[in-house]
Amino acid sequence: MTPSTRRAVLVGEGDVIGYEGQWRTVATARTERGPMGGLAVVVTWEEGGTARFPAGDELLLGGQEPPTGEP
């Protein structure tokens, strides 16, 4: 069974995102400017670590519980 997913418009606390081959839960999300002045979204994971996504990237969201299988 394939988990239902959708593209993220806004990312917030508790969202579950397929990233680097596994599903991770967003602890916090904030925006910041990159060295070239571009906008980015910085996500801190509940599982530890952070990731930086350029604004406009499409993210794959799962349900509130991490789905089984690959993203």
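Up top you'll find the structure we're talking about.
Below is a short write-up of the structure. (Residues numbered from 1 in each chain as written. Predicted model: local features only at pLDDT ≥ 70, side-chain atom pairs only at ≥ 80, totals over all residues. Heavy atoms only, no water.)

A word on the overall build of the chain. Along its length, the chain carries 0 helices and 6 strands. Counting all 71 residues of the chain, 28% fall into the buried class. A total accessible area of about 4800 Å² is found for the chain, and carbon and sulfur atoms account for 51% of it. (Helix = DSSP H or I, 4+ residues; strand = E, 2+ residues; numbered from the N terminus. Buried < 20%, exposed > 50% of the residue type's maximum accessible area, 1.4 Å probe, protein only. Areas by Shrake-Rupley, 256 points an atom, 1.4 Å probe, with all protein chains shown as cover.)

Summarising the sheet, strand β2 (residues 16-19) and strand β3 (residues 22-33) pair through 4 bridges and their orientation is antiparallel. In the sheet register, G18 faces β3, and the bridge partner there is W23. Here β2 hands over to β3 after 2 residues, with E20 in that stretch at a positive phi of 50°. (Pairing = 2+ DSSP bridges.)

This brings us to the pattern of salt bridges. According to the stated counting rule, one finds 2 salt bridges in the structure shown. The closest approach of N and O atoms between R52 and E32, which form a salt bridge, is 2.3 Å. Within this pair, whereas R52 is found in strand β5 (residues 50-54), its partner E32 is found in strand β3, the two being separated by 20 residues in sequence. Members of the salt-bridge network, linked through shared partners, are R30, E32 and R52. (Salt bridge = Lys/Arg side-chain N within 4 Å of Asp/Glu carboxyl O.)

Looking now at the nonpolar core. In this structure, I17, V26, V43, W45, A51 and F53 together form the largest nonpolar core, which totals 6 residues. Of all elements in the fold, only β4 (39-45) and β5 reach the threshold of two or more residues within this core. (Core = buried A, V, L, I, M, F, W, Y, C linked by side-chain atoms within 4.5 Å.)

What is shown is where atoms sit, not what they do.
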